[in-house]
Amino acid sequence: MDKPLLNVENLSVSFDTPKGVVEAVRGISFQVGQERLGIVGESGSGKSQTGRAILGLTPGRVEADRIEFDGINLHKAPARTIRAIRGRRISMIMQDPRYSLNPVMTVGWQIAEAYRVHTNATKREAKQHALDMLTTVRIREPEKVYGLYPHQVSGGMGQRIMIAMMLIPGPDLIIADEPTSALDVTVQLQVLAILDDMVRDRGMGLIFISHDLHLVSSFCDRILVMYGGQIMEVLEAGALDQAEHPYTKGLLNCLPDIDRQQGTLPVLRRDDAWMNRKGGAGGDVP
Amino acid sequence: MSQDTANAKTTIEAAGRISRSALPSRLFAFTKHGFSILLTFVGLTAITFIIGRVMPADPVLAIVGDRASNEVYEAMRLQLGLDKPLIQQYLIYLSNILQGDFGTSIMTTRPVLDDIIRFFPATLELATIATIFGVFLGIPMGVLAAVNQGRLIDHVIRIIGLFGYSVPIFWLGMVALLIFYAGLGWLPGPGRIAVYYDGIVEARSGIILLDSALQGEWEIFWNALHHLVLPASMLATFALAYIARMTRSFMLDQLNQEYILTARVKGLSEGAVIWRHAFRNVLVQLITIIGLTYASLLEGSVLTETIFAWPGIGQYITTSLFNADMNAVIGGTVVVGICFVGVNVLSDILYRIVDPRSHD
Amino acid sequence: MTDQPTETGLKEWLLSDTPQSAAQARCQRLYLAWLSFSANPIAMLGLAIIVVLVGMAAAAPLLTGGDGTEQALANRLQPPSVAHWFGTDELGRDIYDRIVWGARITLYIVGLVAIIVVPIGLLVGTVAGYVGGWVDIILMRVTDIFLAFPRLILALAFVAVLGPGLENAVLAIALTTWSPFARISRAETLTIRNAEHILAARVQGASTARIIVHHVTPLCLSSVIVRLTLDMAGIILVAAGLGFLGLGAQPPLPEWGAMISTGRQYMLDQWWVATIPGLAILIVSMGFNLLGDGLRDVLDPRSGGTS
């Protein structure tokens, strides 16, 4: 793995509020190759905003030295180029299908639309591709589900439809923003399994954003730990126990472990000094 | 549980959700609504009954007028059944309404229903044209404002809208007549049609534009059209303002939703995002708004018709008011009230048909 | 996570992230709401207009020569001049005076209607929403019936029977205006009634009445206030319409709608008699709408404005 898919340098995202300027992301840098990168952090750590900033879809102000994808600097590219890249080369799976699917269109039509946007396919061809995709995400009776509306499908099925929709144009990189956080635990594993297969079969890069450290460590190759808009630490997934940063260690200690003997569950102690790290680099692609 | 069983389970659940919207539940919802509408109708008649018969000191006098002879007075008193208990009076009143009997007008000495049928098309004409303008101008304006939120065009449209629903329409009509009729002479004065054309066209639908076009009387058609411009513009100003405002509000709501983000992630053009995705969700709500607009215009015509001497139901009611012709006032109120309720019911039904979420 | 240096004194107290008392929290919310509101120039314009209106009404004796009812037939239908800023009407009365004194009538109407409809609407809505069951069904039926009514026409019929007059007009308008407030209160109550603090109050033994009055009603207030302000323009227009038809305030009271009506016949040559009162109505109506929009953006941002 030599050339990274995505190269982010010094990315910042800020919002203007009545109380002043809020910096959601502060000068972070990282690279993603054809691998699975997890971005872990609590609410407000800036992980979601990072994902959106890559696609140019955050309402905040984005500043960066580069956001480079396949030789194109997404930060400075014209709107048409970005639109061509969205969906076709980089895609994003969102958290809750109840809200992220258009309520007045059938799910099948929405999947087909994702295909037609980037190809010259006819309606029938697109429908066929959509049906094939529904089968790939292991939905039985794709014909019937094609004609359903979002409010008629369960959470797990909705996320599979979302996956189908986002992967149908065949992107190289997929950003999954809390893809299983809105699902029941049992359904989470099924959806993750499907995502796992598809990412592997198609050789895609994956950025997996979540607040669940253990989930990310079992699913991804590398992990970025974010706090306060900055990257605290970069870890290999298998090397969690070698974490050095006190925040990461604190996070790990907060989770109850059946094998560990401890009296009280420790509380994460935050240190203001972490906020002044200024950016933080996500390490190079190995 | 294996993967396949889990899949099967979810698919069966989904299938079950579809079949649940089968006939019995639809029927139930329908009767529930029908009952609700019925109740509103009863309420409307009850309130007009109270206003017309219970509240006046002497309801008979209110109906026959103070110039009526003693015999007429006595006859009406018996007809109204004022000696009977209130409930019975109300039932008589209600059954009369259902048969279309609103009593006789003092002014015109015709049955009130005949008068209403005569004058209603003029009001319908105004309200319909104004609503059409409001819809075809107001919706694009609202979308434009929402998409460009905070920029100049948004502020301009908001101010236009603000003007439209803050202005007293009768006053605006007067000013418009002053400028365009008296001042510039571009448009004709009050009235539905020039005096010398009155009565030439046979009134089949009651809508002069339609009748004259069907009978090939094009001079009369243009004359009627010219007379229509000012009063319809006044009402259209309000309709446009209201619809633009609501469209903007709904679009802003939708543009903040997650599924809009999804649409953008898919790489759709802004146009597709706005019109195919956001607007499609707004359309559903706009149906209710358009219904409300039409109903408001039916009502708002009351004052506009006075200014423009437009022979519609609004003018009928106000003239009857000044002549203390209670039957006519109450009759007109009931009819407009029914139309009001009717339009709202219709838009409610349309809403349910168009919105897939209300199908279950 | 702001980067601003902390400011001292009142501002810090108002902006701190950790309020020390309920009073401080409330002041903070009000201050933040004010900041948000005052950042909106259009809303501030609305506020300014209403403040001017109230000021005009309050200071009417100071701002005018007479009370707008003195006739001077020799002076009738004079155009605007230095002596008479807005000219004189058909009875020689100074129109500027009449406009200023008319502000009192406008405020009187709006104020009376508000005092009537808000308590009734709140009461009906909160009781229906909280108690539920048959009470809810009956109250909502009644509300829906009034909601389904054409406002002006019903007010017309009402006044036709009762006879013209300011109070009758107010009553007629109030009758057709209260329903939306009941609907709003009920909707808010339905969301609130299952909240945990309500449950806690019940567990503590609070009676239904106490819960409704002390816990539920305050939470409905912001939506109701927003709606009231937005409706005020409509109320003013209906009142003006009634006045125009001669059904509102009776002469010689300087009600703006009635002024338009009497000025109508002189529209061609003495346009100011009818036009200026209409401008006054327009400006005040716009003021309330602007204010209402601004309040809604601040108090109820999810209902789609400048969010």
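**Side note on the overall build of chain B**
At step 1: A tally of regular secondary structure across chain B gives 14 helices and 0 strands.
At step 2: In sequence order, the secondary structure elements of chain B are arranged as α-α-α-α-α-α-α-α-α-α-α-α-α-α.
At step 3: A compact globule built from 360 residues would reach a C-alpha radius of gyration of about 21 Å, whereas chain B, at 26 Å, exceeds it by more than 25%.
At step 4: Considered along the principal axes of its C-alpha atoms, chain B spans approximately 90 × 60 × 40 Å.
At step 5: Per-residue burial for chain B yields a buried fraction of 44% across its 360 residues.

**A word on the overall build of chain C**
At step 1: Broken down by element type, chain C carries 13 helices and 0 strands.
At step 2: Walking chain C from its N terminus toward its C terminus, one meets helices and strands in the order α-α-α-α-α-α-α-α-α-α-α-α-α.
At step 3: Seen along its three principal axes, the alpha-carbon backbone of chain C occupies a region of about 75 × 55 × 30 Å.
At step 4: Considering only intrachain contacts with a sequence separation of at least 6, the fraction spanning at least 24 residues in chain C is 67%.

**Points about the interface of chain C and chain B**
At step 1: Residue-level contacts link 40 residues of chain C with 39 residues of chain B.
At step 2: Of all the elements in the fold, those that place two or more residues in the side of chain C that touches chain B are α6 (133-147), α7 (151-162), α11 (208-244) and α13 (272-299) of chain C.
At step 3: Examining the composition of the side of chain C that touches chain B, we find that 10 residues originate from one element, α7 of chain C, more than from any other.
At step 4: Its residues assigned to classes, the side of chain C that touches chain B shows 27 nonpolar, 9 polar and 4 charged.

**Things to note about unusual backbone geometry**
At step 1: For the bond running from Pro251 of chain C to Pro252 of chain C, omega is 5°, close enough to zero to count as cis.
At step 2: Relative to the helices and strands, Pro252 of chain C is located in the loop between α11 and α12 (256-263).
At step 3: Phi is positive for Glu178 of chain A, close to 50°, though the residue is something other than glycine.
At step 4: You can see Glu178 of chain A is positioned in the loop between β8 (173-177) and α8 (185-202).
At step 5: According to the C-beta neighbour criterion, Glu178 of chain A is partly exposed, with 18 such atoms within 10 Å.

**Section: the nonpolar core**
At step 1: Core analysis: the largest hydrophobic core is formed by 259 residues, its most contacted members being Ile111, Ala164 and Ile174 of chain A, Leu235 of chain B together with Ala155, Ala157 and Ile236 of chain C.
At step 2: When residues of this core are assigned to their parent elements, the largest contribution, 21 residues, is made by helix α10 (residues 218-255) of chain B.
At step 3: Residues lining this core come from more than one domain, with at least three contributed by each of domain 1 (1-89 + 172-286) and domain 2 (99-170) of chain A.
At step 4: Setting aside residues up to four positions removed in sequence, Ala157 of chain C forms contacts with Thr48, Ile51, Val329, Ile330 and Thr333 of chain B.

**Quick word on the confidence of the model for chain B**
At step 1: The predicted model of chain B averages 83 in pLDDT, with 92% of residues at 70 or higher.
At step 2: Looking at the elements of chain B, mean pLDDT is at its lowest for helix α1 (residues 3-19) of chain B, recorded as 46, and at its highest for helix α11 (residues 258-265) of chain B, recorded as 95.

**Structural notes on the environment of Leu6 of chain A**
Residue and element names in this part refer to chain A.
At step 1: As for its position among the elements, Leu6 is in strand β1 (residues 6-17).
At step 2: Each C-alpha atom, one on Leu6 and one on Arg269, is 33 Å from the other, the two residues being 263 residues apart in sequence.
At step 3: Contact partners of Leu6, with chain neighbours within four places excluded, come to Gln31, Val32, Ile54, Phe69 and Leu173.

**A closer look at helix α10 (residues 246-254) of chain A**
Residue and element names in this part refer to chain A.
At step 1: Along α10, the positions that sit buried rather than exposed are Tyr247, Thr248 and Leu251. Taken down its axis, α10 places every buried residue within 100° of arc, on the same side.
At step 2: The secondary structure elements touched by the buried residues of α10 are α9 (213-219), β10 (222-227) and β11 (230-236).

**Here we look at the interface of chain A and chain B**
At step 1: At the interface, 35 residues of chain A touch 28 residues of chain B.
At step 2: Contributing elements (two or more residues each) for the side of chain A that touches chain B: α2 (79-85), β7 (90-93), α3 (97-100), α4 (107-118), α6 (142-146) and α7 (155-167) of chain A.
At step 3: Ranked by residues supplied to the side of chain A that touches chain B, first place goes to α4 of chain A with 4 residues.
At step 4: Residues that form the side of chain A that touches chain B fall into these classes: 17 nonpolar, 10 polar and 8 charged.

**Focus: the pairing of strand β9 (residues 205-210) of chain A**
Residues and elements named next belong to chain A.
At step 1: For β9, the buried fraction is high: 6 of the 6 residues fall into the buried class.
At step 2: Going residue by residue along β9, you find Gly205, Ile207 and Ile209 tucked away on one face and Leu206, Phe208 and Ser210 tucked away on the opposite face as well.
At step 3: One ladder, built from 5 bridges, connects strand β3 (residues 36-40) with β9; its direction is parallel. Residue pairing for β9: Val40 is matched across the bridge by Ser210.
At step 4: Bridge count between β8 and β9: 5 bridges; the pairing is parallel. Residue Asp177 lies in a different strand from β9, and its bridge partner there is Ile209.
At step 5: Between β8 and its parallel partner β9, the chain crosses via α8, and the hand of that crossover is right-handed.

**Considering the packing of helix α14 (residues 326-354) of chain B against α7 of chain C**
At step 1: Put simply, α14 of chain B and α7 of chain C touch, their axes get as near as 10 Å, and they point 160° apart. In terms of orientation, α14 of chain B lies roughly antiparallel with respect to α7 of chain C. When the axes of α14 of chain B and α7 of chain C are compared, the crossing they make is left-handed. Across from Val329, Ile330, Thr333 and Val336 of chain B in α14 of chain B, the residues of α7 of chain C making contact are Ile153, Leu154, Ala157 and Ala160 of chain C.
At step 2: Class assignment of the residues belonging to the contact of α14 of chain B with α7 of chain C gives a composition of 7 nonpolar, 1 polar and no charged.

**Some words on the sheet that holds β7 of chain A**
Hydrogen bonds along the backbone pair up the strands of a sheet, which may run parallel or antiparallel.
All names here are of chain A.
At step 1: With mixed pairing, 6 strands are arranged side by side in an open sheet as β7-β8-β9-β3-β10-β11. Both outer strands of the open sheet, β7 and β11, are each paired with one neighbouring strand and no more. In this sheet, neighbouring strand axes are inclined to one another by 20° on average, regardless of whether the strands run parallel or antiparallel.

**Let's talk about the pairing of β10 of chain A**
All names here are of chain A.
At step 1: Summarising burial for β10: 6 of the 6 residues are buried, a large majority.
At step 2: Of the two faces of β10, the one lined by Arg222, Leu224 and Met226 and the one lined by Ile223, Val225 and Tyr227 are each fully buried.
At step 3: Bridge count between β3 and β10: 4 bridges; the pairing is parallel. Note that in β10 the partner of Gly38 across the bridge is Ile223.
At step 4: Of the pairings in the sheet, the one linking β10 to β11 comprises 6 bridges and is antiparallel in character.

**Remarks on the packing of helix α3 (residues 41-58) of chain C against α13 of chain C**
Residues and elements named next belong to chain C.
At step 1: At their nearest, the axes of α3 and α13 sit 7 Å apart, and the two run at 135° to each other. Comparing their axes, α13 and α3 come out oblique. Read as a crossing pair, α3 and α13 show a hand that is left-handed. Touching Ile42, Ala43, Leu45, Gly46, Leu47, Ile49, Ile50 and Leu53 of α3 are Ile283, Val284, Met286, Gly287, Phe288, Leu290, Leu291, Asp293 and Gly294, all from α13.
At step 2: Looking at the contact of α3 with α13 residue by residue, the classes come out as 13 nonpolar, 3 polar and 1 charged.

**What to know about the confidence of the model for chain C**
All names here are of chain C.
At step 1: Across chain C, the average pLDDT comes to 84, with 94% of residues at 70 or higher.
At step 2: Below pLDDT 50 for its whole length, residues 303-307 participates in 16 contacts with residues either more than four positions away or in separate chains.
At step 3: Reported confidence for the predicted complex is 0.89 by ipTM and 0.84 by pTM.

**Section: the environment of Leu214 of chain B**
At step 1: With respect to the element layout, Leu214 of chain B can be found in helix α9 (residues 208-214).
At step 2: With 40 residues separating them in the primary sequence, Leu214 of chain B and Gln254 of chain B have C-alpha atoms 44 Å apart.

**Some details on the environment of Gly203 of chain A**
Residue and element names in this part refer to chain A.
At step 1: Considering the arrangement of structural elements, one finds Gly203 in the loop between α8 and β9.
At step 2: The exposure class of Gly203 is exposed, given the 8 C-beta atoms found within 10 Å.
At step 3: As a C-alpha pair, Gly203 and Pro78 span 125 residues in sequence and 28 Å in three-dimensional space.

Conventions adopted
- Residues numbered from 1 in each chain as written.
- Chains lettered and ligands numbered in written order.
- Predicted model: local features only at pLDDT ≥ 70, side-chain atom pairs only at ≥ 80, totals over all residues.
- Helix = DSSP H or I, 4+ residues; strand = E, 2+ residues; numbered from the N terminus.
- Rg over C-alpha atoms; globule rule 2.2 N^0.38 Å.
- Buried ≥ 20, exposed ≤ 12 C-beta atoms within 10 Å, placed from the backbone.
- Contact = placed C-beta atoms within 7 Å.
- Nonpolar A, V, L, I, M, F, W, Y, C, P; charged D, E, K, R; others polar.
- Core = buried A, V, L, I, M, F, W, Y, C linked by C-beta atoms within 7 Å.
- Domains from an automatic or database assignment.
- pLDDT = per-residue confidence, 0-100.
- Arc of directions from axis to C-beta.
- Pairing = 2+ DSSP bridges.
- Right-handed = clockwise from strand over helix to strand, strands pointing away.
- Axes fitted to C-alpha atoms, helices over the stretch in contact; angles between N-to-C directions.
- Parallel < 35°, antiparallel > 145°, perpendicular 65-115°, else oblique.
- Left-handed = near helix turned anticlockwise from the far one by under 90°.

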